[in-house]
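Structural overview
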Amino acid sequence: MKEKSIELLNKAVADELSAVHQYMYFHFLCDDQGYDLLANLFKRTAIQEMMHIEMLSERILFLKGEVELKAAHEVKKIHVVSEMLEMAAGMETGSANDYNKWANECSKNADSVSKKLFETLVEDEERHFNQYDDEMENLKKFGDNYLALQSIERSKNISAGKPTE
Ligand SMILES: [Fe+2]
Ligand SMILES: [Fe+2]
């Protein structure tokens, strides 16, 4: 039972680590273009995924396993904002599906704490999905104006002496 949970928890760590890398990559690119809203969303989400890694790792160590801190995927070098959001939303859906399955598997193995942990993560990933989905909708609705507005907002903040995050 313990071994299966450790394996699933480590798979989750690998996915979360990929998400941290991918979202930070998107953060850097959006920040470079002056898209503050999106840059901050990607950074905030990356930090939350890092906290997921912490929760998962604590559980692995409690079960006397080893934390395999290996990213599941290489970073995809995507430069188009609509494609970034599409990929991010897809990653969140994938994680939510996996964690739902893995929660059931842990439950079958009588590991209720790992089950609860996966269920908590599902809630977060669904919320992340929603945030990315909302931004995809905005981008569809307002087109390039949506991005232009973010750049203008940054210029306004800089000229007003407000710090950008
Ligand atoms: Fe996560
Ligand atoms: Fe997420």
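The structure under discussion appears in the preceding block.
Basis of the calculations
- Residue indices follow the written sequence of each chain, beginning from 1 at its first position.
- Written order decides the labels, with chains lettered from A and ligands numbered from 1.
- Reporting of local features is limited, given that this is a predicted model, to residues whose pLDDT is at least 70; pairs of side-chain atoms are given and counted only at 80 or more, and all residues count toward the totals for whole chains, interfaces and linings.
- Excluding hydrogens and water, the side-chain values take into account all heavy atoms of the structure.
- A donor here means an N, O or S atom no more than 2.8 Å from the metal, or no more than 3.2 Å when the metal is Na, K or Ca. Since water is not included, a site may seem to lack partners.
- Here a helix means four or more residues in a row that DSSP labels H or I, a strand means two or more in a row labelled E, and each is numbered from the N terminus.
- Relative accessibility under 20% of the residue-type maximum defines a buried residue, over 50% an exposed one, and the middle range a partly exposed one, all with a 1.4 Å probe and only protein chains included.
- Note on terminology: a nonpolar core comprises buried Ala, Val, Leu, Ile, Met, Phe, Trp, Tyr and Cys residues joined through side-chain atoms within 4.5 Å.
- In what follows, residue pairs with any heavy atoms lying within 4.5 Å of each other are defined as contacts.
- Between Lys or Arg on one side and Asp or Glu on the other, a salt bridge is scored when a side-chain nitrogen of the former is within 4 Å of a carboxyl oxygen of the latter.

Digging into the coordination of the iron ion (ligand 2)
In the first shell of the iron ion (ligand 2), the protein supplies Glu49 (OE), Glu92 (OE), Glu92 (OE), Glu125 (OE) and His128 (ND1), at 2.0 to 2.4 Å from the metal. Separating the iron ion (ligand 2) and the iron ion (ligand 1) is a distance of 3.8 Å, and Glu49 donates to both of them. Linking Glu92 in helix H3 (residues 81-108) with His128 in helix H4 (residues 112-142), this pair joins segments that are 36 residues apart in sequence. Glu92 gets classed as buried once you look at its relative accessible area, which sits at 2%. According to the relative accessible area criterion, His128 is buried, its value standing at 0%.

Quick look at the nonpolar core
Tyr23, Phe26, Leu38, Phe42, Leu85 and Tyr132 are the most contacted members of the largest nonpolar core, which totals 24 residues. At the level of elements, helix H1 (2-33), helix H2 (36-62), H3, H4 and helix H5 (144-159) are the ones that each hand at least two residues to this core. With residues up to four places along the chain from it excluded, the contact list for Leu85 reads Leu38, Phe42, Tyr132, Glu135, Met136 and Leu139. With 21 residues, the next largest nonpolar core counts Ala12, Ile60, Trp102 and Leu117 among its residues.

Quick word on the coordination of the iron ion (ligand 1)
Every protein donor of the iron ion (ligand 1) is listed here as Glu16 (OE), Glu16 (OE), Glu49 (OE), His52 (ND1) and Glu125 (OE), and their distances to the metal cover 2.0 to 2.2 Å. Ordering the donors of the iron ion (ligand 1) by residue number gives the pattern E-x32-E-x2-H-x72-E. Judged by relative accessible area, Glu125 falls into the buried class, the value being 1%.

Describing the pattern of salt bridges
Here the structure, examined in full by the defined rule, presents 9 salt bridges. Ionic pairing is found between Glu105 and Lys4, a salt bridge with its closest N-O pair at 3.6 Å. With Glu105 in helix H3 and Lys4 in helix H1, this pair connects stretches of sequence that are 101 residues apart. Accessibility expressed as a relative area gives 25% for Glu105, which makes it partly exposed. Of the charged contacts in the structure, one is a salt bridge between Glu137 and Lys140, with a shortest N-O distance of 3.9 Å.

Note that all results are geometric; they support no functional claim without further evidence.
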